[in-house]
Amino acid sequence: MRLLQRCRVIWLIYIFFFLAPGIVPWSVLSGNDESAKITPAATHEKPLTSSKGGKTVATIEMKVLPVKDAILSGQSLPITVQVKNIEANPVPVHDPEYGSPFVYELRSIENQNILYTVSEKRFRSILNPESQVADPPQLVKLSPGDVATYDIDLGEFFTDTVLPGRYDLVINYTLENQIYEAPAVSINISAPRINHIAATISRQTETLTTVFGHRSEDGRITLMQRDSRPGHPGLGVIHPRMALGADVPVTSLALALETGEIYGGRWLAWIQENHVGAAWGWGKSLMGAIGPAATFLKQPRLIETGLRLDGPHALFMVSGYDKDERAVVKAYVFTYIPPPPEIKPDPETGLPVLAPLEEDEDKPEIPEENPETLTFALNASLPDNILARYIYNGSQKKIQLVWAETIGDQTRILLRSLDPGNPEGEKEPGVLLQHAGKLAALALEPVGDAEAGVVDALFGPNGPHRQMTYFRIPLKGNSSPEMWTFEARQMIPDTLPTETQGAKSEPEIMAWAISPVPAPEAPVLAKVEDQLVYTQAAGAKGWTVLAPEAASAEHLRLFALYSPDRYKGRLWASWVDANSGIQHRRVY
């Protein structure tokens, strides 16, 4: 008898911790969702049934109506769930106006060991781990024969990037101690084909916004936008913004941030050929599109961060060579207007499609431009990358541009301050730092309330010891830069092959990234062979492996969620994987 009681206790503990819907392991609540996202499908339990008078009794029927049967990994996945009362009496069901009561399973068709289980309950527990008390469910009476309809965007509940593949979507619903399972529907999930990408994080909302160009199999380019949840860069949904047609050469992308009040939506801009266009989107909707208009520049490239101005306006900056072969930056102000009549919706996606650029052999390569366009000269050559910082509050209106140039074995970090009201201001850039060595990464927080910002720069590896040097350079004043050094050679992870195993003794470091928000720890992210690793430049003792299998990782970035005066150590890494899409991982 005592043994039987012990067995019952063990069985109850098992049910509570492993079968209860919405329960997630501590690793999920602490920000590391890797251990929870892939579960052996063999552990999936069959739906429970109830019986009356020795017969199984069903009170409802469920049906799933997907709006799409194919999406990109991380994209919005709208579905409709119908619950029909098939009993002779009214049945209480969850009110469709009060959230989603279902548990959703994505069961891989190709790999039975891959199973994703998501629910609104689980999603909200990740948003707010401290709140463990669920509100009582809101129920409504469903009359015999009636149908309750639940319109849901399943993409909202994904807590990590779903691996590409073919899946069966199965929905479970617990009602009166019985679990109902809807017939499976098939969903094909593919990785986005990203050619260009831009990303920035808002100081006010702590929201990471990413825009990228996705090229479909038929060559069509669609601009996609992803806004994360505040404080949770790994949570977010990809929405299409603009279809540009087939074989449109998108060469640059940018996003606009606000410096003061927060306005709805986000401006984005893109370069195609030597033209620039802009669009304003909010949530799932495209609110307006402008352009493309001629930049009057050769080799035009957007500065990655633009500025949201008061009202429906945005400023974007484009660098390039003007007709006199000078390296310049032009500032364009876009104003929201409804899409013009000639922009027709695409019949497949419903997105507006910009008309293709007309070929004109007689048109000069750089036509005459509007003389009122703000133009700022840089120097003799066009930098590979220009960073912008905006001070645009009250009476302070200034744009600071930072870039690097290398002459011989010397690299200079340069600063040019611009006043939109006085384009004839400073003529020559100032030198912030001159250092012997190769620049590995450069970072600058894009918005500020004063001129006391800093530039972070990482140099190396240099010399026989492969020394790395990390500088934190004040933008104003006579303060000396902070500096940290460490040896890259001594910090290679032990998990990588060594010379005794037949590989080279010093694995190649292929990419670097540092945070634009100057975190006290001065974090460094690197791609070493096929691993992503990070360290802290200040007092670093070794690399920590962040992603052990990242051979195809590109576009490495580090994002801190707080400005320097409020930084609390929440740092996230982001990158693009050609095989699995956009990835996010909390560093610490």
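Counting of residues starts from 1 at the beginning of each chain's written sequence and follows it residue by residue. The predicted nature of this model means local features are confined to residues of pLDDT at least 70 and side-chain atom pairs, given and counted, to a pLDDT of 80 or more, with totals for whole chains, interfaces and linings taken over all residues. The side-chain values count all of the structure's non-hydrogen atoms but skip hydrogen atoms and water molecules.

**Student:** Explain the packing of aromatic side chains to me, please; I cannot follow it from the model alone.
**Tutor:** Centre-to-centre distance and the angle between the planes together describe a pair of aromatic rings. Aromatic contacts are taken between Phe, Tyr and Trp rings whose centres are within 6.5 Å, Trp giving its six-membered ring; a plane angle under 30 degrees counts as stacked, one over 60 as edge-to-face, and the others as tilted. Tallied over the full model, the rule gives 12 aromatic pairs. Ring plane angle 80 degrees and centroid distance 5.0 Å describe the contact between F102 and Y150, whose orientation is recorded as edge-to-face. Of this pair, F102 sits in the loop between strand 6 (91-94) and strand 7 (103-108) while Y150 sits in strand 10 (residues 147-153), and the two are 48 residues apart along the sequence. Considered together, F102 and Y150 belong to a single accessibility category, that of buried residues. Between the aromatic rings of F123 and F157, the centroid separation amounts to 6.0 Å while the plane-to-plane angle is 50 degrees, which identifies the pairing as tilted. Of this pair, F123 sits in helix 4 (residues 120-127) while F157 sits in the loop between strand 10 and strand 11 (165-175), and the two are 34 residues apart along the sequence. Taken individually, F123 and F157 each receive the classification buried, so the pair is uniform in this respect. For helices the rule is a DSSP run of H or I covering at least 4 residues; for strands it is a run of E covering at least 2, with both sets numbered from the N terminus onward. Throughout this description, buried means an accessible area under 20% of the type-specific maximum (1.4 Å probe, protein chains only), exposed means over 50%, and partly exposed covers the range between.

**Student:** I would appreciate a short explanation of the pairing of strand 18 (residues 250-258) in the present structure.
**Tutor:** On a regular strand, each side chain points to the face opposite its neighbour's, so the side chains alternate between the two faces of the sheet. The buried count for strand 18 comes to 8 of 9 residues, which makes it a mostly enclosed element. Across 5 bridges, the pairing between strand 18 and strand 19 (residues 266-272) is antiparallel. In the strand pairing of strand 19, V250 is matched with Q272. With 4 bridges connecting them, strand 18 and strand 23 (residues 305-309) associate as parallel partners. Following the sheet pairing, A256 is matched in strand 23 by G306. Strands qualify as paired when DSSP identifies two bridges or more between them.

**Student:** What's the story with the sheet that holds strand 33 (residues 439-444) in this structure? I'm lost.
**Tutor:** Whether parallel or antiparallel, the strands of a sheet pair through hydrogen bonds between backbone atoms. Taken together, the 4 strands give an open sheet; going across it, the order is 33-34-35-36, and neighbouring strands pair in antiparallel fashion. Two strands bound the open sheet, and with one partner strand each, they are strand 33 and strand 36 (482-487). Sheet twist, expressed as the average angle between the axes of neighbouring strands with direction ignored, equals 15 degrees. Pairing analysis gives 5 bridges linking strand 33 to strand 34 (residues 454-462), with the strands arranged antiparallel. If you follow L442 over to strand 34, its bridge partner there is A457. Helix axes are fitted to C-alpha atoms over the stretch in contact, other axes to C-alpha atoms as well, and angles between N-to-C directions run from 0 to 180 degrees.

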